[in-house]
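Remarks on the overall topology
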Amino acid sequence: MAHKEDNDEEQFVTDGNIVEALEATEEDLLVVHTQRYLNRLKWSLVVAGITEIPPLMFLPNFLVQRRVLRPLRTQTGGTIMAAKLAVDRGWAINLGGGFHHCSSDKGGGFCAYADITLAIKFLFERVEGISKATIIDLDAHQGNGHERDFLDDGRVYIMDVYNRYIYPGDSYAKRAIKRKVELDWGTEDSEYLRKVELHTNGALNEVCPDILVYNAGTDVLDGDPLGGLSISPEGIGKRDEMVFRAARRRGVPILMMTSGGYQKKTARIIADSILNLHLKGLIGAEALEAEGSLSSPLVTSTMRNSAVNFEPADPV
C-alpha cells in the first residue's frame, strides 16, 4: 500500500504541477495594506506581537525581515499567484498562506499579511469576469481579518466554521459572515462533516461565485493544541473532498490555502488529502480534462522544495 501511494505521489508531483511562489512586493502589499501598517512591521516589537514570538523583539529588524517576514511575504505571493492560476486552470493550492487574522491595517495570530484579501482584490481589479467571490473558511479559528476587510463589500460572501470559544472572538468582524457555523469544544467527524456539507452547498446555492477561496486549516485535527476540535485525519480528507466536489459540480474555480495546523503530523495529513483529491479526479490532469482545459495543473509552493517532496512546512 505504501509503495502504491509513493508511486501515486510521484506521478502527481511533477514539474508540470508545481510553481514556485514569488515574494509579494511592497507594491503588491499596498493594494490592501496601508503604508502606516507596513512601516510598523519595521519594528521587531510589533512583529513579535503579531507572530506571538516574544524573543523576536530582541532581534535586529533586518533579521526579522529575512527570517520571519520574507517567508510570510513569499507565502502571500503564493496565494496571489494561485488565485490567478485557479481562474485559469480551475483549481490551485498554495502550500501555505491562509493568514486569515490579518486585515488591511492590523496583524495578529501569526498573520502579518492579508493574503486572502489581497488575492481577491487582485482578481477583482485585474482579471476580467471576476466580480463575486465566496470565502469558505474551515480553519478552527474565526477568520476575522478578511471579515473586517470585506465587512461592507457585497461582492464577497463569507462562510466561517470555527470553535466559538477560542481566539479571536471578534464580534465586530462576525457581522461580515453570511453563513456562520459556531462549533463546541471537541466537535467530532460526524457532526462536523454534516455541517460542512450542508453549509458549503447552502452557501454556493445562495450565491454562485466567480471564485471560491477555501481556507483549509488543519488545526481542526484531534489533539491540536490551539484548535480545540476532534476531527480525524480521515475527516479532514473527506472535508476537503466535499468542498472541491461542491465547487466542481457548479463549475466554480477553487483556490485552497493550507492555513493553520500545529502538530508534526499535519504535513502528512495535508499531503494525503491533496493526493486523495488527485486520485478522485478533483485536481490534476483529470480535473482539467473534465473542464475541457488543455493546460497543465499547478500547485503553488511556499518555499524551496516543500511542494516537490510533498512534505509542506508546518502551516501558519
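Predicted, not measured: the structure shown is a model, and the values here were computed from it.

Some details on the overall build of the protein
Within the protein, the regular secondary structure consists of 12 helices and 8 strands. The buried share of the protein, reckoned over its 316 residues, is 59%. In the structure as shown, the protein presents an accessible area of about 13,400 Å², 51% of it carried by carbon and sulfur atoms.

Some details on the nonpolar core
Counting residues in hydrophobic clusters, the biggest one holds 38 residues, and the most contacted among them are I93, L138, Y192, L212, Y214, F244 and I254. Listing elements by their share of this core, those giving two or more residues are β2 (91-94), β4 (156-163), β5 (179-183), α9 (189-206), β6 (211-215), α10 (233-250), β7 (254-257) and α11 (266-279). Not counting the four nearest positions on each side in its chain, I254 is found in contact with A86, G90, W91, A92, I211, L212, Y214, V243, F244 and A247. Listed in part, the 24 residues of the second largest apolar core include V32, A48, F99 and A114.

Focus: the side chain of E147
Here E147 lies in helix α7 (residues 144-149). One buried charge, E147, has no salt-bridge partner; the nearest side chain with opposite charge is R148, at 7.7 Å. Those residues within four positions of E147 in sequence are excluded, and the remaining contacts are Q142, I158, D160, A173, K174, A176 and I177.

A few points about the packing of aromatic side chains
For any two aromatic rings, the description comes down to two numbers: the centre-to-centre distance and the angle of the planes. Taken as a whole, this structure holds 2 aromatic pairs when the rule is applied. Judged by centre distance (6.1 Å) and plane angle (5°), the ring pair of Y165 and W185 falls under stacked. Taken as a pair, Y165 in the loop between β4 and α8 (171-174) and W185 in the loop between β5 and α9 lie far apart in primary sequence, 20 residues in all. Look at Y165 and you get partly exposed, because its relative accessible area is 47%. Seen from their ring centres, Y214 and F244 are 6.4 Å apart, and the 75° between their planes marks the pair as edge-to-face. Of this pair, Y214 sits in strand β6 while F244 sits in helix α10, placing them 30 residues apart in sequence. Grouping residues by exposure puts Y214 and F244 together as buried.

Reading guide: rules and limits
Per chain, residue numbering runs from 1 following the sequence as it is written. The model is predicted, so local features are restricted to residues of pLDDT at least 70 and side-chain atom pairs to those at 80 or more, both for listing and for counting; the totals for chains, interfaces and linings are taken over all residues. Side-chain calculation: all heavy atoms of the structure are included, whereas hydrogens and water are not. Here a strand is any run of E in DSSP of at least two residues, a helix any run of H or I of at least four, and the numbering for each starts at the N terminus. Remark: exposure states derive from per-residue accessible area (1.4 Å probe, protein chains only) relative to the maximum for the residue type, with buried under 20%, exposed over 50%, and partly exposed in between. Accessibility throughout is a Shrake-Rupley quantity obtained with a 1.4 Å probe, and a residue counts as covered only by protein chains that appear here. Residues enter a nonpolar core if they are buried and are Ala, Val, Leu, Ile, Met, Phe, Trp, Tyr or Cys, with the set joined through side-chain atoms within 4.5 Å. Contacts between residues were defined by any pair of non-hydrogen atoms, one from each residue, lying within 4.5 Å. Neither His nor the chain termini are counted; the positive set is Lys and Arg, and the negative set is Asp and Glu. Whenever a carboxyl oxygen of Asp or Glu lies within 4 Å of a side-chain nitrogen of Lys or Arg, that contact is scored as a salt bridge. Any Phe, Tyr or Trp ring, taking Trp's six-membered ring, that has another such ring centre within 6.5 Å forms a pair; planes under 30 degrees apart are called stacked, those over 60 apart edge-to-face, and the others tilted.

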